[in-house]
Amino acid sequence: GAVVSQHPSWVICKSGTSVKIECRSLDFQATTMFWYRQFPKQSLMLMATSNEGSKATYEQGVEKDKFLINHASLTLSTLTVTSAHPEDSSFYICSAHRGGTGSYNEQFFGPGTRLTVL
Amino acid sequence: GENVEQHPSTLSVQEGDSAVIKCTYSDSASNYFPWYKQELGKRPQLIIDIRSNVGEKKDQRIAVTLNKTAKHFSLHITETQPEDSAVYFCAAPQGGSEKLVFGKGTKLTVNP
């Protein structure tokens, strides 16, 4: 159990275009999902918390108009990188929180999306 | 907020030796401490976690110990194998939320 998928696994796009990344919890419901960005040889940097049915909460320094998050159902959150530029190139990873009594803060990660902006 | 420090940043051991990675946290209310293993280009995988009501947890060659008084927890890998080579991250909850704060990671290399 606790499987999270992410699509696409990699994407190459031109500067100025928008890219949508999907994160799905396949065998459990996730009221909360998280979006991280990871640079080479670095730790996971939390970008935002995605809450089902409400607005996402962004971390300090993350532009909400640049990184649009939608959590339309208990199994799907999407991240849209708008007007992408080369500096947005990175590894984007989502995670899903498996809630419920006694679940603590367990998070299960998707396989990540490698974004390259030309 | 929670602050997590992880040491060492790199660790190289010979196959069969033990490896220990240590993390400290700052929020005494934190009650859940997971460890993730991330191979190059892949997702972080939860390998073991410990909750604040126990001091040690083992799963085959992997164990985690927790010292709540000192606010530190450690990952122990015994009889290391080359496939244990990866980056390991510890984490602790951001107080009062479902967020996790991650350490900077330890790159473990197991030499055959």
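Residues numbered from 1 in each chain as written. Chains lettered and ligands numbered in written order. Predicted model: local features only at pLDDT ≥ 70, side-chain atom pairs only at ≥ 80, totals over all residues. Heavy atoms only, no water.

*Asks:* Explanation requested: the state of the cysteines in the structure shown.
*Replies:* What makes a disulfide is a covalent bond joining the sulfur atoms belonging to two cysteines. Counting across every chain of the model gives two disulfides over all chains. With its sulfur 2.0 Å from that of its partner, A:Cys23 forms a disulfide with A:Cys94. Taking the sign of the torsion about the S-S bond as the criterion, the disulfide between A:Cys23 and A:Cys94, at about 80°, is right-handed. Taken together, the positions of A:Cys23 in strand 3 (residues 19–25) and A:Cys94 in strand 9 (residues 90–97) put the pair 71 residues apart, joining distant regions of the chain. According to the relative accessible area criterion, A:Cys23 is buried, its value standing at 0%. Residue A:Cys94 is classed as buried on the basis of its relative accessible area of 0%. Across the disulfide from B:Cys23 sits B:Cys90; the S-S distance is 1.9 Å. Sign of the S-S torsion, about -95° for the bond between B:Cys23 and B:Cys90, identifies this disulfide as left-handed. Note that B:Cys23 is positioned in strand 3 (residues 19–25) and B:Cys90 in strand 9 (residues 86–93), a separation of 67 residues in sequence. Residue classification places B:Cys90 among the buried residues on the basis of a relative accessible area of 0%. Free of any disulfide, A:Cys13 has its nearest cysteine sulfur in A:Cys94, 18 Å distant. (Disulfide = S-S within 2.5 Å. Helix = DSSP H or I, 4+ residues; strand = E, 2+ residues; numbered from the N terminus. Buried < 20%, exposed > 50% of the residue type's maximum accessible area, 1.4 Å probe, protein only.)

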